[in-house]
Amino acid sequence: MHSPSYFKRTTYLFLILMSPFLMIGQQKIGYNLKVNDSFKILQKAEQLITQELEGSKHEITNDLEAIFTFTVMGKTADGFSIKLVFKDFGMKSTSNLQGTLVNVKASEPVEGDMMSQMFKGLIDYELNLTLLENGKIESVEGGGAMIDNMIQSAGVEDDFTKNLMRKSLEKEFSSGGLAKSFEQMTFFYPDVAVDKGSTWENTFSGKLKAENTWQLDEITSDAMTITGKGTITVDTNESGTTMALAGNHDYTIVTNTENGFINTIETTSFASGHSKMAQLGDVEIPTSIKSTVTYELIQ
């Protein structure tokens, strides 16, 4: 008869021998890019902002379309050096009360239209970013210089107007603002090996803050499908208007298994709360934002 210690030793040895087999199916997923890899992405966004006050409803619809390229220039210790170039940028903003507020397309500048000429300054301007293997953007370089180029393209000469434009543009196009914006397209991979059905978490920062839970739904030799859910908060204070909203968003992401880069992303979100306007004092205006954003690899 074998002693209890014998069975303990045998079980321990069995577990050691089996451990490689127990790990089958788990693998590290993330970006696996090569120097000179190049990707062209089409981004579309539809956003509906609704404010209600004393039975009156104000709806602002924002439509955005951008085309940009990512080109891998080199590898770092734990990521990649990427050249990012805007190829086009269009934005249309309309109000049910005031009509068209903004309508610009960078590749079709309108002579004499300051905003149209300003966005022309985005076209073919090169930015440099560092992308980690999990998709976090460690840094962006060139945002400030790009803003200067946009202001110069607009033909603005007086310093006061230049400073106002720079302050406004920095909210979206500064290096920090661009990093947080593009992370919503790139930052969804885990730091550890996973298999089908595994979940993990991360957070987004910026004007839109989110706590996300991701899941690897499917993986084949060609493509991976990742879905995500998150709670979001929007807390802004711009031009005398503050906004405090909370809600949820959902992601469906299909990527290339070999290099980790996206094929498609679709994200929907809804957040509600209130906003305040300086001219109305402490009056809280019920406010909601509904949005759909898609990214598609087009080349």
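Computed from a predicted structure; not experimentally measured.

How do you make sense of helix 4 (residues 159-173) when you look at a structure like this?
Residues spaced three or four apart along an α-helix point in a common direction, a consequence of the helix completing one turn every 3.6 residues. Helix length check: helix 4, at 15 residues, gives a terminal C-alpha distance of 19 Å against a target of 21 Å (1.5 Å per residue), a fit within 8%. Within the span of helix 4, buried status applies to Met165, Leu169 and Phe173. Buried positions along helix 4 lie against strand 3 (79-95), helix 2 (114-120), helix 3 (143-154) and helix 5 (175-186).

Sorry if this is basic, but what is going on with the pairing of strand 5 (residues 126-132) here?
Each regular strand displays side chains that alternate between the two surfaces of the sheet. By the criterion of burial, strand 5 is predominantly enclosed, with five of the seven residues buried. Here strand 3 runs beside strand 5; their pairing, made up of seven bridges, is antiparallel. From the neighbouring strand, Gly79 faces strand 5, where its bridge partner is Leu132. The pairing of strand 5 with strand 6 (residues 137-141) spans four bridges and is antiparallel. Within strand 6, the position partnered with Asn128 by the bridge is Glu141. The turn linking strand 5 back onto strand 6 is made up of four residues, and Gly135 within it adopts a positive phi angle of 100 degrees.

Looking at this model, I keep getting lost on the packing of helix 3 against helix 4. Mind explaining?
Axes are the key here: two packed helices are described by the angle between their axes and the distance separating the axes. At their nearest, the axes of helix 3 and helix 4 sit 10 Å apart, and the two run at 135 degrees to each other. One way to sum up the angle between helix 3 and helix 4 is to call them oblique. Between helix 3 and helix 4 lies a crossing of right-handed hand. Side by side, helix 3 and helix 4 meet where Gly143, Met146, Ile147, Asp148, Met150, Ile151 and Ala154 of the first sit next to Lys162, Met165, Arg166, Leu169, Glu170 and Phe173 of the second. For the contact of helix 3 with helix 4, the residue count by class is eight nonpolar, one polar and four charged.

It is not clear to me how the pattern of salt bridges should be interpreted in this structure. Could you clarify?
Think of it this way: side chains of opposite charge can pair up when their charged atoms draw near. For the structure on display, the rule yields eight salt bridges. Among the ionic pairs, Lys105 bridges to Asp88, the shortest N-O distance being 3.2 Å. Highlighted residues: Lys105 in strand 4 (residues 99-105) and Asp88 in strand 3, separated in sequence by 17 residues. Between Glu172 and Lys207 there is a salt bridge, with the nearest N and O atoms lying 2.6 Å from each other.

Mind showing me how you'd approach helix 3 here?
For helix 3, with 12 residues, the first-to-last C-alpha span of 17 Å sits near the 16 Å given by 1.5 Å per residue. Along helix 3, the residues that are buried comprise Gly143, Met146, Ile147, Met150, Ile151 and Ala154. Angular distribution of buried residues about the axis of helix 3 spans 140 degrees; they occupy a single face of the element. Where helix 3 is buried, its residues touch strand 3, helix 2, strand 5, strand 6, helix 4 and helix 5. Gly155 occupies a position one or two residues after helix 3 and carries a positive phi of about 80 degrees.

Is there a simple way to explain the packing of helix 4 against helix 5 in this structure?
Across the interface, helix 4 lies against helix 5 with an axial gap of 6 Å and an inter-helix angle of 30 degrees. Between helix 4 and helix 5, the contacting residues are Lys171, Glu172 and Phe173 on the first element and Ser175, Gly177 and Leu178 on the second. Of the residues belonging to the contact of helix 4 with helix 5, the class tally is two nonpolar, two polar and two charged.

Looking at this model, I keep getting lost on the confidence of the model for the protein. Mind explaining?
As a general rule, the predicted coordinates of low-pLDDT regions are not to be interpreted in detail. Of all residues in the protein, 91% attain a pLDDT of 70 or more, and the chain-wide mean is 89. Segment residues 4-16 is flagged for pLDDT under 50; beyond a separation of four residues in sequence, or across chains, it makes one contact in the model. Across residues 18-24 the pLDDT falls below 50, and counting only partners more than four positions away or on other chains, this stretch makes zero contacts in the model.

Cut-offs used in this document
Residues numbered from 1 in each chain as written. Predicted model: local features only at pLDDT ≥ 70, side-chain atom pairs only at ≥ 80, totals over all residues. Heavy atoms only, no water. Helix = DSSP H or I, 4+ residues; strand = E, 2+ residues; numbered from the N terminus. Expected span 1.5 Å × (residues − 1). Buried < 20%, exposed > 50% of the residue type's maximum accessible area, 1.4 Å probe, protein only. Contact = heavy atoms within 4.5 Å. Pairing = 2+ DSSP bridges. Axes fitted to C-alpha atoms, helices over the stretch in contact; angles between N-to-C directions. Parallel < 35°, antiparallel > 145°, perpendicular 65-115°, else oblique. Left-handed = near helix turned anticlockwise from the far one by under 90°. Nonpolar A, V, L, I, M, F, W, Y, C, P; charged D, E, K, R; others polar. Salt bridge = Lys/Arg side-chain N within 4 Å of Asp/Glu carboxyl O. Arc of directions from axis to C-beta. pLDDT = per-residue confidence, 0-100.

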